[in-house]
Amino acid sequence: KYAEAAALFADIWKIGKRVLGAEHPNTIVWMDNLALAYGAQGKTAEAAALQAQTLEIRKRVLGAEHPDTLTSMGNLAYAYRAQGKYAEAAALQAQTLEIQKRVLGAEHPDTLSSMAGLAGAYAAQGKHAEAAALFAETLKIQKRILGVDHPMTLGSMGGLGAVYRAQRKHTEAAALLAAGDANA
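Residues numbered from 1 in each chain as written. Predicted model: local features only at pLDDT ≥ 70, side-chain atom pairs only at ≥ 80, totals over all residues. Heavy atoms only, no water.

(A) Inspection of the packing of helix H6 (residues 109-124) against helix H7 (residues 128-145) at higher detail. Two numbers describe how H6 lies on H7: the axes approach to 8 Å, and their chain directions differ by 160°. Taken as axis vectors, H6 and H7 run roughly antiparallel relative to one another. The chirality of how H6 crosses H7 is left-handed. On H7, the residues touching Leu 112, Met 115, Ala 116, Leu 118, Ala 119, Gly 120, Tyr 122 and Ala 123 of H6 are His 128, Glu 130, Ala 131, Leu 134, Phe 135, Glu 137, Thr 138, Ile 141 and Gln 142. Taken together, the residues that form the contact of H6 with H7 break down as eleven nonpolar, four polar and two charged. (Axes fitted to C-alpha atoms, helices over the stretch in contact; angles between N-to-C directions. Helix = DSSP H or I, 4+ residues; strand = E, 2+ residues; numbered from the N terminus. Parallel < 35°, antiparallel > 145°, perpendicular 65-115°, else oblique. Left-handed = near helix turned anticlockwise from the far one by under 90°. Contact = heavy atoms within 4.5 Å. Nonpolar A, V, L, I, M, F, W, Y, C, P; charged D, E, K, R; others polar.)

Right under this line is the structure:
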């Protein structure tokens, strides 16, 4: 149903631009939602282009360190990763993470999401040692802050497991799986 969602978001965004203006916060949200729907459909070029526009507007309207702007930075980094632009994704995710740590705090859920995103970008580049270290750090904080059963925690656990598998660290991967099973 992503195609239907994208068509709906495109219509809403068009109406929002006309009625509220292109830089109204709601219009920007609809633009962002359309970009996410494009990404979900595998339309990575369209998603990245729209995410870049969303980011530019949010920087201008809300400021470079506003939480919504930081979300747009993370979304654009994810779009880059989906396009296979791993170096660009990692650089933007690292920049996002640095600002989020300073503005939101090191243990804010958005900051933790960016940590996992950067770890994933490292993994996509084949930087498995860096990815494993960052996933492990992220997972430790997520377990404490969000709990072991939170979807973000489980996502980081899966990411770390995938990196361990790529590193052929089967003992560590098995221990991670056993820890996850113990929480089920």
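On we go.
(B) Quick look at unusual backbone geometry. Backbone geometry places Arg 168, a non-glycine residue, at a positive phi of 60°. Residue position: Arg 168 is located in the loop between helix H8 (151-166) and helix H9 (170-182). According to the relative accessible area criterion, Arg 168 is exposed, its value standing at 66%. (Buried < 20%, exposed > 50% of the residue type's maximum accessible area, 1.4 Å probe, protein only.)

(C) Local environment of the packing of aromatic side chains. By the definition in use, this model includes zero aromatic pairs. It is Lys 17 that lies over the ring of Trp 13; its NZ or CZ is 3.9 Å from the centre. (Phe/Tyr/Trp six-rings, centres within 6.5 Å; stacked < 30°, edge-to-face > 60°. Lys NZ or Arg CZ within 6 Å of the ring centre and 35° of its normal.)

(D) The arrangement of the environment of Gln 125 in detail. Along the chain, Gln 125 falls in the loop between H6 and H7. Separated by 18 residues in sequence, Gln 125 and Lys 143 place their C-alpha atoms 26 Å apart. Leaving out residues up to four positions away in the same chain, Gln 125 has contacts with Tyr 86, Ala 87 and Ala 90. Of note is the side chain of Gln 125, whose polar atom sits 3.4 Å from the side chain of Lys 127. (Polar contact = N/O pair within 3.5 Å; in protein donor to acceptor, adjacent residues only side chain to side chain.)

(E) Quick peek at the nonpolar core. If you look at the biggest cluster of nonpolar residues, it comprises 19 residues, and the most contacted ones within it are Met 115, Phe 135, Leu 160 and Leu 176. Those elements that provide at least two residues to this core are helix H5 (86-103), H6, H7 and H8. Setting aside anything within four residues of it in sequence, one finds Met 115 in contact with Leu 97, Ala 106, Leu 134, Glu 137, Thr 138 and Ile 141. (Core = buried A, V, L, I, M, F, W, Y, C linked by side-chain atoms within 4.5 Å.)

(F) Summary view of the layout of surface pockets. Taken as a whole, the largest pocket encloses approximately 420 Å³ of empty space. Elements that contribute at least two residues to the lining of the largest pocket include exactly helix H4 (67-82), H5, H6, H7 and H8. Sort the elements by how many residues they give to the lining of the largest pocket and H6 lands first, with nine residues. Considered class by class, the residues forming the lining of the largest pocket number eleven nonpolar, twelve polar and two charged. (1 Å grid on protein atoms, 1.4 Å probe; cavity = no way out; pocket = protein on both sides within 12 Å on 5 of 7 lines; lining within 4 Å. Points joined across faces, edges and corners; volume = space filled by probe spheres on them.)

(G) Geometry of H6. Taking 1.5 Å of rise per residue, 16 residues should cover 22 Å, and H6 covers 22 Å from first to last C-alpha, within 8% of that figure. Among all positions of H6, only Thr 111, Leu 112, Ser 114, Met 115, Ala 116, Gly 117, Leu 118, Ala 119, Gly 120 and Ala 121 are buried. Contacts from the buried residues of H6 go to H4, H5, H7 and H8. (Expected span 1.5 Å × (residues − 1).)

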